Amino acid sequence: MAREFQVTFDCGDPGGLANFWADVLVCEIQAPPPGFDTWEAALEAMNIPPERRNDASAVVSADGSGPRLFFQRVPEGKAAKNRVHLDVRAAPGLTGEERMTALEKESVRLVALGATRIKRFEPDPPLGGGHIVMTDPEGNEFCLD
């Protein structure tokens, strides 16, 4: 039996980064607890002071198929290259120029959302299909694969 897991991001703006990744992955912000229409209403009822209401956020897939992404505020900024990163599968099943065209198109969309494009790696058969390295708005590296 496979275990459930989540991927946790330390960050400065959990709400902003959660919204970015929800758009990238075509997912949604996790719904507030039962009985509440909004997170603001839930946090108010929990007596969370306004300055702490952006301490955490989470992204989930609508159908529950993927891992939960959890974003937690930390005081320090990002200091070094990620040792683990996400690969966003933007061109599954495509090869060669068709693959790279699909990755380029997705790269443009993600830059408009706040990502930064770092470097393109050309296909290198038989094992390297080609990919684009990017960073999210807080500098976390990820690949369009």
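Here's what I pulled together on the structure shown here.

This model, assessed by the stated rule, comprises five aromatic pairs. Through a chain of ring-to-ring contacts, the aromatic side chains of Phe9, Phe20, Trp21, Phe71 and Phe142 assemble into a single cluster.

A few words on the sheet that holds strand 1 (residues 6-11). Taken together, four strands build an open sheet; the order of strands is 1-4-3-2 and the sheet is mixed. In this open sheet, the two edge strands, each paired with only one partner strand, are strand 1 and strand 2 (28-29). The sheet contact formed by strand 3 (residues 56-60) and strand 4 (residues 68-73) spans four bridges and is antiparallel. Residue pairing in the sheet places Ala58 in a bridge with Phe70 of strand 4. In this fold helix 1 (residues 14-25) packs onto strand 1, strand 2, strand 3 and strand 4, with an angle of close to 160 degrees to the strand it touches most, strand 4.

Looking now at helix 3 (residues 96-113). Look at helix 3: 26 Å from first C-alpha to last across 18 residues, which is about the 26 Å you get at 1.5 Å a residue. Among all positions in helix 3, only Arg99, Met100, Leu103, Glu106, Ser107 and Leu110 are buried. Down the axis of helix 3, the sector holding all buried residues measures 130 degrees, keeping them to one side. In helix 3, the exposed residues that point more than 90 degrees away from the buried face are Glu97, Glu98, Lys105, Val108 and Ala112. Buried residues belonging to helix 3 abut helix 1, strand 6 (116-121), strand 7 (131-135) and strand 8 (141-144). At the C-terminal side of helix 3, Gly114 shows a positive phi close to 125 degrees.

It is worth spelling out the sheet that holds strand 8 at this point. Read across the open sheet, the four strands follow the order 5-8-7-6; overall the sheet is mixed. Edge positions in the sheet fall to strand 5 (86-88) and strand 6, since each of these pairs with one other strand and no more. On average, each strand axis in the sheet is tilted by 25 degrees relative to the strand beside it, whichever way the strands run. As paired elements, strand 7 and strand 8 share four bridges and run antiparallel to each other. Bridged to Met134 within strand 8 is Phe142. In the packing of helix 1 onto the sheet, contacts are made with strand 5 and strand 8, and the angle to strand 5 comes to roughly 40 degrees. Its contacts with the sheet put helix 3 on strand 6, strand 7 and strand 8, and the angle it makes with strand 7 is roughly 10 degrees.

With that settled, the discussion passes to the pattern of salt bridges. Applying the stated criterion across every chain, the model contains 11 salt bridges. Ionic pairing is found between Asp55 and Arg52, a salt bridge with its closest N-O pair at 2.3 Å. Between Arg120 and Glu104 there is a salt bridge, and its shortest N-O distance comes to 2.7 Å. One end of the pair, Arg120, is in strand 6; the other, Glu104, is in helix 3, and 16 residues separate them in sequence. Judged by its relative accessible area of 22%, Glu104 falls in the partly exposed class.

Cut-off values and rules
Residues numbered from 1 in each chain as written. Predicted model: local features only at pLDDT ≥ 70, side-chain atom pairs only at ≥ 80, totals over all residues. Heavy atoms only, no water. Phe/Tyr/Trp six-rings, centres within 6.5 Å; stacked < 30°, edge-to-face > 60°. Pairing = 2+ DSSP bridges. Helix = DSSP H or I, 4+ residues; strand = E, 2+ residues; numbered from the N terminus. Contact = heavy atoms within 4.5 Å. Axes fitted to C-alpha atoms, helices over the stretch in contact; angles between N-to-C directions. Expected span 1.5 Å × (residues − 1). Buried < 20%, exposed > 50% of the residue type's maximum accessible area, 1.4 Å probe, protein only. Arc of directions from axis to C-beta. Salt bridge = Lys/Arg side-chain N within 4 Å of Asp/Glu carboxyl O.

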